[in-house]
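Here's the letter readout for the chains.
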Amino acid sequence: MKIKVRVSHEKDTRYAFLICKKIQESAKIRGTGIAKKDPEYIKLKMIHGDAVIAFCDEELAGFSYLETFQNEKYVVNSGLIVFPEFRKQGLAKIIKIEIFKLSRKKFPNSKIFSITTSNPVIKINTELGFKPVAFSELTQSEEFWKGCQSCANFDILTRNQRKMCLCTGLLYNPNTGNNNNHSYKYKKDKNYLSIGDKIVLAYSGGLDTSYCLKYLIQKNYEVHTVIINTGGFNKNELDQIEERALSIGSNSHKTIDAIEEYYQNCIKYLIFGNVLKNNTYPLSVSSERIFQAIKIAQYATYIQAKAIAHGSTGAGNDQIRFDIAFQIICPEKITLSPIRDMKVSRKEEIEYLKNKGVSICWNQAKYSINKGIWGTSIGGKETLTSYHDFPEKAYPTKLSRKKSENLELEFEKGELVSVNKEKGKAVKNIIKIEKIASEFAIGRGIHIGDTILGIKGRVAFEASAAIIIIKAHHLLEKHILTKWQLYWKEQLSNWYGMLLHEAQYLDPVMRDIEKFLKSTQERLTGTVYIILYPYRFHLVGIKSKFDLMTSSNSSMAQYGEMNYAWTAEDVKGFTKILSNQMKMYHNLNKKNND
C-alpha cells in the first residue's frame with residue numbers, strides 16, 4: 001500500500017464535504033468528540049495550506065488541520081480523521097506527525113495543543129513531546145471553546161466551568177526546552193526506541209546484517225527481516241537466507257521480488273543511455289540500492305514498524321543511498337545502522353556472533369560479493385590498494401569456454417527483445433546473455449571512482465551481460481541516431497549515471513532525463529552481431545531499416561568512395577563558407593603581429 005501525506009492546496013476543496021461527513025460519522029460511533037465541522041471552513045483551511053491530507057494508493061484516506069488563537073500564541077491540531085477502511089495501517093500517526101511538523105514550521109514560537117478522548121492519539125502526541133495539562137493551560141479564546149458546543153459532552157464541560165471534561169488536554173511548549181520532541185530529536189536520541197518496538201532490518205544473510213539482527217534482538221526489539229531480490233539470488237539462496245534469519249531470531253522474514261520493477265525503472269534507462277561510470281563500470285550494485293531502499297521503506301510502513309535498520313558501514317556509499325530514500329519515503333521512521341553508529345569492525349562482529357552462539361564460518365569468506373541482475377561487484381584486500389591486480393580465483397564465475405561463439409541481439413525501440421533469434425522479455429534476455437557470456441569470463445574489470453563521501457574507491461566487478469548489451473546498443477545507435485542526438489545523449493547519460501550513483505534517483509530531474517532518453521529510442525530497432533572469445537568480445541556489425549549509413553550509401557554517397565548528391569563545386573562553396581570565421585581570425589592575428 002502506497003501512503004502519501006502532504007500539505008493541502010486549493011484543489012483539495014472538492015474533498016471537504018466528504019471529510020466533514022466522515023468526521024461526524026466517527027464522532028457518532030465513539031459517542032463523544034466534536035461531531036460537526038463546516039465544509040466551507042475546512043475549504044478555507046485547505047486553500048491556506050493549514051491542513052494535511054492523506055492518500056492510500058491515491059484514494060483519500062485521512063485529514064487534519066490547524067487553527068491559531070490569541071494572536072498565534074496557541075495552535076491547535078484538530079479534525080484528525082482516518083477513514084475506516086484505512087485504519088490499523090499506522091496512518092493516524094503519520095498524519096499527526098505531519099500536522100505537528102506543519103504547525104512547528106508555520107508557527108515556531110507558538111504553543112501547540114490538542115484535546116482528545118482517543119488513547120492512541122494521546123500516545124502519539126506524548127511521543128511527539130506533548131504533555132497532559134489542565135484545561136487552564138490551554139487557550140482561553142472563547143472562539144475555540146464555542147467549537148465544543150456540538151460535542152455530545154458539552155454539558156460536562158460547562159458544568160465544570162471548562163476546567164475538565166472527558167477529553168484530555170495535551171500541550172507542546174517550544175519554550176520549555178524539555179519536550180522530548182522525538183519527531184525532531186530521534187536521530188540524536190539513542191533512547192527514543194522502547195523495548196518491544198518493531199524494527200524492519202534490511203537483511204542479506206551476510207556478516208554485517210546478521211550482526212545487526214542479533215544485536216537488535218539482544219536489545220529486546222521486535223525485529224522483522226526483509227530481503228529485496230533485484231536479481232542476485234536464486235530460490236535456494238533465498239530459502240537459506242530466510243532460514244538463517246529465523247534461526248538467529250527474526251520475528252518474521254519477507255522476500256520481495258523487485259527484478260522487473262528494477263528493470264523498468266532503471267536498467268532500461270541505463271541501456272538507453274549506454275551508461276558506464278568513468279567509461280568502465282555499469283553501475284551494477286549502486287543502481288540497485290535505491291530500489292531496495294524504496295521497497296524496504298514501503299514494507300516498513302505496511303507492517304507499521306517504528307524504525308528501519310541497515311548493515312552499512314560508515315565508509316561506503318550505501319549508507320547514503322539507504323538513508324536518503326528512508327528520509328524521503330518514510331521520514332517519520334527512525335533509521336538505524338548499528339555497525340556505522342558504533343564503528344564495529346569485522347573482527348568484532350565475528351567475535352560478537354560467536355559469543356552469542358551464531359557459529360557461521362565468516363572468516364572463510366575473503367571477498368565481499370554483491371550480485372545482481374546487472375552485474376556483480378567484488379571487494380577484497382587487493383581493492384584496498386592502488387597497485388595489486390585482482391586474482392583470477394577471486395572472480396565468482398570461472399572461464400569454462402575457449403572456443404569462439406556467435407551472439408545475435410535484436411532491439412526494438414532500444415529494448416532487448418531477442419537473443420539468437422529467440423524472443424523473450426528483457427529480464428530473461430539479460431539472464432540468458434549472462435549465462436552464455438560469463439562462461440567466457442567476459443565483462444571483468446576494476447573500477448576506480450569517486451564515492452559520495454569524497455574519497456576514492458576501488459572495486460572489481462564482472463558484468464558480462466551489462467557490458468555486451470550496452471556496447472551492442474551503442475553500436476546500433478551510432479548507425480541510427482543523428483550526430484547531435486548522439487552528442488546530447490552522451491552528455492545527459494553521463495549526468496544520469498552520476499546522479500544515480502550519488503543517491504539522487506528520487507530527484508525529479510531524473511524523470512526528465514528519462515523522458516529524453518526514451519524519446520531517442522523511437523527508431524532504435526535492429527539486430528547486432530557479436531562474436532564471443534575468452535575474456536573479450538567483438539562487435540561485427542548491425543542490420544536495421546533505420547540505418548543512416550546504408551540509406552546514404554544508396555542515395556547520397558559512400559564515405560571515401562563516391563558522392564551522388566553534390567558536386568565538386570558544391571563542396572568548394574561549402575568549404576569556403578565553413579572556413580570564413582577561421583580565415584577572419586587568422587588574417588586579423590597576422591596583421592596584429594605585423
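The rules we used
Residues numbered from 1 in each chain as written. Predicted model: local features only at pLDDT ≥ 70, side-chain atom pairs only at ≥ 80, totals over all residues. Heavy atoms only, no water. pLDDT = per-residue confidence, 0-100. Contact = heavy atoms within 4.5 Å. Phe/Tyr/Trp six-rings, centres within 6.5 Å; stacked < 30°, edge-to-face > 60°. Helix = DSSP H or I, 4+ residues; strand = E, 2+ residues; numbered from the N terminus. Buried < 20%, exposed > 50% of the residue type's maximum accessible area, 1.4 Å probe, protein only. Axes fitted to C-alpha atoms, helices over the stretch in contact; angles between N-to-C directions. Parallel < 35°, antiparallel > 145°, perpendicular 65-115°, else oblique. Nonpolar A, V, L, I, M, F, W, Y, C, P; charged D, E, K, R; others polar. Core = buried A, V, L, I, M, F, W, Y, C linked by side-chain atoms within 4.5 Å. Pairing = 2+ DSSP bridges. Polar contact = N/O pair within 3.5 Å; in protein donor to acceptor, adjacent residues only side chain to side chain. Patch = residues over 30% accessible without salt bridge, like charges linked within 9 Å, V, L, I, M, F, W, Y side chains within 5 Å. Areas by Shrake-Rupley, 256 points an atom, 1.4 Å probe, with all protein chains shown as cover. Salt bridge = Lys/Arg side-chain N within 4 Å of Asp/Glu carboxyl O.

S.K.: How should I be thinking about the confidence of the model for the protein chain in this particular structure?
M.R.: It should be kept in mind that the predicted coordinates are not to be read in detail where pLDDT is low. Looking at the protein chain, the pLDDT average stands at 89 and 93% of residues meet or exceed 70. Throughout residues 177-191 the model reports pLDDT below 50, and contacts reaching past four residues in sequence, or to other chains, amount to 29 contacts.

S.K.: Looking at this model, I keep getting lost on the packing of aromatic side chains. Mind explaining?
M.R.: The geometry of an aromatic ring pair comes down to the distance between the two centres and the angle between the two planes. Tallying each qualifying case throughout the model produces 20 aromatic pairs. Considering the side-chain rings of Phe100 and Tyr172, the 5.0 Å spacing of their centres and the 85° angle between planes classify their relative orientation as edge-to-face. Separated by 72 residues along the polypeptide, Phe100 in helix H3 (residues 91-106) and Tyr172 in strand E7 (residues 168-172) bring together distant segments of the chain. Pair check on accessibility: Phe100 and Tyr172 agree, each one buried. Ring centres 5.7 Å apart and planes at 90° place the aromatic pair Tyr269 and Phe272 in the edge-to-face group. Here the residue Tyr269 and the residue Phe272 both occupy positions in helix H10 (residues 259-272), the gap between them amounting to three residues, near one helical turn. Tyr269 sits in the buried class, given a relative accessible area of 11%.

S.K.: What should I look at first to understand the packing of helix H20 (residues 568-578) against helix H21 (residues 580-593) in this one?
M.R.: Two packed helices can be described by the angle between their axes and the distance between those axes. Packing of H20 against H21 brings their axes to within 5 Å, and their N-to-C directions diverge by 50°. Viewed along their axes, H20 and H21 adopt a mutual orientation that is oblique. Residues Lys576, Ile577 and Leu578 of H20 lie in contact with H21, whose contacting residues are Asn580, Met582 and Lys583. Of the residues that constitute the contact of H20 with H21, the class distribution is three nonpolar, one polar and two charged.

S.K.: Where do I start with the nonpolar core in this structure?
M.R.: A general feature of soluble globular proteins is that nonpolar side chains tend to end up buried together. In this structure, Trp374 and Leu409 are the most contacted members of the largest nonpolar core, which totals 75 residues. By residue number, the principal contributor to this core is helix H16 (residues 464-480), which donates ten residues. Ignoring sequence-local partners within four residues, the contact set of Trp374 consists of Tyr262, Ile267, Leu270, Ile271, Pro282, Leu283, Ser284, Ile430, Ala463, Ala466, Ile469 and Ile470. Residues Cys56, Phe63, Ile97 and Ile99 belong to the second largest nonpolar core, which totals 39 residues.

S.K.: Would you take a moment to explain the pairing of strand E3 (residues 59-69) for this structure?
M.R.: On a regular strand, each side chain points to the face opposite its neighbour's, so the side chains alternate between the two faces of the sheet. Most of E3 is tucked away: nine of the eleven residues are buried. Note: strand E2 (residues 51-56) against E3, six bridges, orientation antiparallel. Considered in E3, the bridge of Ile53 is made with Phe63. The antiparallel hairpin formed by E2 and E3 contains two residues in its connecting segment, where Asp57 sits at a positive phi of about 50°. Across seven bridges, E3 lies against strand E4 (residues 74-82) in antiparallel orientation. Across the sheet, Glu67 pairs through a bridge with Val76, a residue of E4.

S.K.: It is not clear to me how the sheet that holds strand E6 (residues 131-133) should be interpreted in this structure. Could you clarify?
M.R.: Note: strands within a sheet are paired through backbone hydrogen bonds, in either parallel or antiparallel orientation. Read from one edge of the open sheet, seven strands run E1-E2-E3-E4-E5-E7-E6, paired in mixed fashion. Strands at the two margins of the open sheet, each flanked by one partner only, are strand E1 (3-7) and E6. Each neighbouring strand pair of the sheet contributes to a mean axis angle of 25°, computed without reference to strand direction. Packing against the sheet, helix H4 (residues 119-128) makes contact with E4, strand E5 (111-116) and E7, and its axis sits at approximately 20° to E7.

S.K.: Quick question: what am I supposed to make of the sheet that holds strand E16 (residues 415-419) here?
M.R.: Strands sit in the order E17-E16-E15-E20-E21 across an open sheet of five strands; the sheet is antiparallel. The sheet is open, and its two borders are formed by strand E17 (422-423) and strand E21 (536-543), each paired with just one other strand. For strand E15 (residues 405-412) and E16, the ladder comprises four bridges, and the chain directions are antiparallel. Note on E16: the bridge partner recorded for Leu409 is Val419. Lying on the sheet, helix H15 (residues 426-437) is in contact with E15, E16, E17 and strand E20 (526-533); it crosses E16 at an angle near 55°.

S.K.: What's the story with the side chain of His501 in this structure? I'm lost.
M.R.: Tracing the backbone shows His501 in helix H17 (residues 483-501). Polar side-chain contacts of His501 include one of 3.4 Å to the side chain of Glu502. Among residues more than four places away in sequence, those in contact with His501 are Lys277, Leu283, Ser286, Asn317, Arg321, Asp450, Thr451 and Ile452.

S.K.: Looking at this structure, I do not really get a nonpolar patch on the surface. What am I missing?
M.R.: Taken together, Tyr41, Leu44 and Ile47 make up a surface patch of nonpolar side chains, about 260 Å² in accessible area. By the element assignment, Tyr41 lies in helix H2 (residues 39-47). Judged by its relative accessible area of 31%, Tyr41 falls in the partly exposed class.

S.K.: Explain the pattern of salt bridges to me, please; I cannot follow it from the model alone.
M.R.: Pairing of side chains with opposite charge becomes possible as their charged atoms draw close. In total, this model carries 28 salt bridges according to the counting rule given. Residue Glu392 is joined to Arg444 by a salt bridge in which the shortest nitrogen-to-oxygen separation is 2.9 Å. Of this pair, Glu392 sits in the loop between strand E14 (375-379) and E15 while Arg444 sits in strand E18 (residues 444-450), placing them 52 residues apart in sequence. By relative accessible area, which is 37% here, Glu392 ends up partly exposed. Residue Arg401 pairs with Glu439 through a salt bridge whose shortest N-O separation is 3.6 Å. Residue Arg401 is found in the loop between E14 and E15, and its partner Glu439 is found in the loop between H15 and E18; the two are separated by 38 residues along the sequence. Judged by relative accessible area, which is 31%, Arg401 ranks as partly exposed.

S.K.: I would appreciate a short explanation of the environment of His253 in the present structure.
M.R.: With respect to the secondary-structure elements, His253 resides in strand E10 (residues 252-257). The spacing of His253 and Val200 is 53 residues in sequence and 9.5 Å in space, taken between C-alpha atoms. Among all residues touching His253, those that are not within four sequence positions of it are Tyr203, Thr225, Val226, Ile227, Ile241, Glu242, Ala245 and Leu246. Within the local environment of His253, its side chain forms a polar contact with the side chain of Thr225, the two groups lying 2.8 Å apart.

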